[in-house]
Structure formats: structure tokens, C-alpha cells
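Fold and geometry: a report
One-letter residues, chain by chain:
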Amino acid sequence: MTRIAVVTGANQGLGFALVRGLAARLAPEDLVLLTGRDPGRVAEAAARVAADPATRSRVEGHVLDVSDAAAVARFARPADIVLSNAIAALDPDRQAEQADVFLDVANGGTHAVLRSFGPLLRPGGRLLIVASSLGTLGHLPEPLRPRFDGVSLDDVEKAVEDWRAAIHDGTSAAAGWPEWINVPSKVAQVAAVRAVAAERRDTDLANGTLVAAVCPGLVDTRASRPWFSDFSQAQTPDEAARKVLDLVFADVDPATYGELVRYGRVLPWRS
């Protein structure tokens, strides 16, 4: 049967490298769907992968704005590999100004992909949310942790919206939310994965399906450049993509199911 892979946020950086890696590893009859918000960039990126001598599978570009849950629902289809990687720009000096767009893409996109692609994931499939080691619960102050620990996806969505409201009314710092918006955003992404995985764990493990969050490590991309000064140990997007794809193509280890995985190892949720 033809395998179908979907990558969001795939115009550039890690997402583009993930598409390249999938297209090189999958078979000629398989299909990789490269998605992004900008039609021109999507078309250009898909053409670049298709022309790559290492590409074996078919590649198609599709416009998809993951911040639009209805658009994600319309686009969703049975798939074998779904890699949710979309992220919006976040500048250290403009976090409050950019918060809505950032949360709509990073967290709204995660929720939309989980809700729309999760039920359509083929047995033996892989649904991975690209997150970060910042997504472990210990990065939040103790009073905020119950909002994300052992809760439903609806609860995670409510916590994100309450946090968004606090950013807008200027009370987020007093409530204990970390200054760097990326931190609670990543915790919420991992919590969303855990919530969905808890509901389907037994069925998925019985048929070799993996739902998990993945930390690719520090990657030298346009999105990460404003936040770090030392990139001497950073990976290129292709290097990071290979590690993520190793998890995609490996046999399912039950210990990784529903967890945050970095380089094949589980990062403890409560650390």
C-alpha cells in the first residue's frame, strides 16, 4: 500500500529537512506532502525536493495554515507519517505583540493536527509533534503544573487560552508564567500529546503505532537565531532531521509512547 507522509511547516529549516529525509527514505510509490502557509514558498520547496538526486518518493506541495483548525480538518486524510513542525516567528523584544500568532501556530496547530490526523492515522503509523526539552513540566512553577499534568486535550486548550488572556491583560508574570513564551508553549505541546496518547495507548501499541513528542535538540535555524548566542554545538537542519526520522522508522518502543523523546531517549515529564 502506498504510504503517505505529511509535514507541516516544511518550507524551510527543520521541516524542509524532514521532507527531504522522508523523500529519500520512502519508496517511489510513496507520497510526501510538504505543507506551509505561503503558496510561492511551498511550490519552490516542493520543486527543490523533487529535483534532489537523493529523492526516491513522490513529493507534492500543499498550502496549509495550521492555525486554521477548519483548514486542517479539511486537509486531513489517512496517513502513515504525520510530523507537526509548524512554528511562527518570535522575537525576544516583541513577545507580547507576537504571542497570538505564535500560540495559534505552535499550540493551535498542534491541537488541530492531533484532533484531525489522529483518528485517520493508519495502523502502524507515526504521529510526532516537534517540541523541545523545554517542554517538560519542571520548567513551569509548581502552581501551574496541574493545568497540564494528567489532563485532557480540552483542558490543555483551556490552559493555553487562559495564559493568552493573561499575556493580554498584563498578569502573566504575576501568575508565574515564564517570560519566554516558548517555554509554556512547549509544555502545552507535550501535554497535548500526552492527553491524546493516554486515550489510545493500548490500541496503538497493539498495532505498532507511535504518538509522541520529539525534541530535535538545538538546530541552527532562522527561528532559533534570536534566542541563542552560541551555536557551536548546534545541528544543521539535516542533522536534526536524521535523528527525528530515526524515530519514525524504528520499531515502536512502548517506553517512548506518548512521551517527549530526544535522540531516542525519553525525557522525564516531571523533570
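Because the structure is a prediction, the values reported are computed rather than measured.

Description of the overall build of the protein
From N to C terminus, the protein includes seven helices and eight strands. In terms of overall size, the protein behaves like a compact globule, its C-alpha atoms giving a radius of gyration of 18 Å where 271 residues would be expected to give roughly 18 Å. Once the C-alpha set of the protein is aligned to its principal axes, its extents read approximately 55 × 40 × 40 Å. Across the 271 residues that make up the protein, the buried fraction comes to 52%. Nonlocal contacts in the protein, meaning residues at least 24 apart in sequence, comprise 77% of its contacts between residues at least 6 apart. Measuring between centres, the 29 positive side-chain charges of the protein sit 4 Å from its 34 negative side-chain charges.

Let's talk about the sheet that holds strand E4 (residues 79–84)
By way of backbone hydrogen bonds, the strands of a sheet pair with one another, either parallel or antiparallel. Strand order in this open sheet of eight strands is E3-E2-E1-E4-E5-E6-E7-E8, and the pairing throughout is mixed. The sheet is open, and its two borders are formed by strand E3 (58–63) and strand E8 (265–267), each paired with just one other strand. Across the sheet, the mean angle from the axis of one strand to that of its neighbour is 25 degrees, orientation sign disregarded. As paired strands, strand E1 (residues 4–7) and E4 are joined by three bridges and run parallel to one another. In the sheet register, alanine 5 faces E4, and the bridge partner there is isoleucine 81.

Focus on the pairing of strand E6 (residues 210–215)
Remark: a regular strand shows side chains that alternate across the two faces of the sheet. Taking burial as the measure, the six residues of E6 include six buried ones, the bulk of the element. Side chains Leu210, Ala212 and Val214 project from E6 onto one buried face, and the interleaved Val211, Ala213 and Cys215 project onto a second face that is buried too. Sheet analysis places strand E5 (residues 121–130) next to E6, joined by five bridges and oriented parallel. By the bridge assignment for E6, leucine 128 is matched with alanine 212. Looking at chain direction, E6 and strand E7 (residues 260–262) are connected through three bridges and run parallel. Residue pairing across strands places valine 214 opposite valine 261, the latter belonging to E7.

Some thoughts on the side chain of threonine 35
Note on placement: threonine 35 falls in strand E2 (residues 31–36). The exposure class of threonine 35 is buried, given its relative accessible area of 0%. Setting aside chain neighbours within four positions, we find threonine 35 in contact with Val6, Val7, Thr8, Gly9, Ala10, Asn11, Val42, His62, Leu64 and Phe75.

Observations regarding the layout of surface pockets
Size it by volume and the largest pocket reaches roughly 1,200 Å³. If you trace the largest pocket, you find 50 residues lining it, with Asn85, Ile87, Thr221, Ala223 and Ser224 closest to the centre. Put simply, the parts of the chain that give the lining of the largest pocket at least two residues each are helix H1 (13–25), E2, helix H4 (95–117) and helix H6 (182–206). A total of four residues in the lining of the largest pocket trace back to one element, the largest contributor, which is H4. For the lining of the largest pocket, a count of residues per class yields 25 nonpolar, 17 polar and eight charged. Space inside the second largest pocket adds up to approximately 190 Å³. Lining the second largest pocket are Gln95, Ala96, Trp163, Ala166, Ile167, Gly170, Ser172, Ala173, Trp177, Pro178, Glu179 and Ile181. Of all the elements in the fold, those that place two or more residues in the lining of the second largest pocket are H4 and helix H5 (153–169). The leading source of residues in the lining of the second largest pocket is H5, at three residues. For the lining of the second largest pocket, a count of residues per class yields eight nonpolar, three polar and one charged.

Considering helix H2 (residues 39–51)
With 13 residues, H2 extends 18 Å from end C-alpha to end C-alpha; this agrees with the ideal 18 Å at 1.5 Å per step. Among all positions in H2, only Val42, Ala45, Ala46 and Val49 are buried. On an axial view of H2, the arc spanned by its buried residues comes to 100 degrees, and they lie on one face. Those residues of H2 that are buried are in contact with H1, E2 and E3. A distance of 3.1 Å separates the backbone nitrogen of glycine 40 from a side-chain oxygen at the start of H2, and that oxygen is part of aspartate 38.

Here we look at the pattern of salt bridges
One pass over the full model with this rule turns up 17 salt bridges. Note that arginine 115 and aspartate 154 form a salt bridge whose closest N and O atoms lie 2.6 Å from each other. Here the residue arginine 115 occupies a position in helix H4, and aspartate 154 occupies one in helix H5, the gap between them amounting to 39 residues. Salt bridges sharing partners connect three or more residues here, namely Asp100, Asp104, Glu161 and Arg164.

About the cut-offs
Residues numbered from 1 in each chain as written. Predicted model: local features only at pLDDT ≥ 70, side-chain atom pairs only at ≥ 80, totals over all residues. Heavy atoms only, no water. Helix = DSSP H or I, 4+ residues; strand = E, 2+ residues; numbered from the N terminus. Rg over C-alpha atoms; globule rule 2.2 N^0.38 Å. Buried < 20%, exposed > 50% of the residue type's maximum accessible area, 1.4 Å probe, protein only. Contact = heavy atoms within 4.5 Å. Lys, Arg positive; Asp, Glu negative; His and termini not counted. Charge placed at Lys NZ, Arg CZ, Asp CG, Glu CD. Pairing = 2+ DSSP bridges. Axes fitted to C-alpha atoms, helices over the stretch in contact; angles between N-to-C directions. 1 Å grid on protein atoms, 1.4 Å probe; cavity = no way out; pocket = protein on both sides within 12 Å on 5 of 7 lines; lining within 4 Å. Points joined across faces, edges and corners; volume = space filled by probe spheres on them. Nonpolar A, V, L, I, M, F, W, Y, C, P; charged D, E, K, R; others polar. Expected span 1.5 Å × (residues − 1). Arc of directions from axis to C-beta. Polar contact = N/O pair within 3.5 Å; in protein donor to acceptor, adjacent residues only side chain to side chain. Salt bridge = Lys/Arg side-chain N within 4 Å of Asp/Glu carboxyl O.

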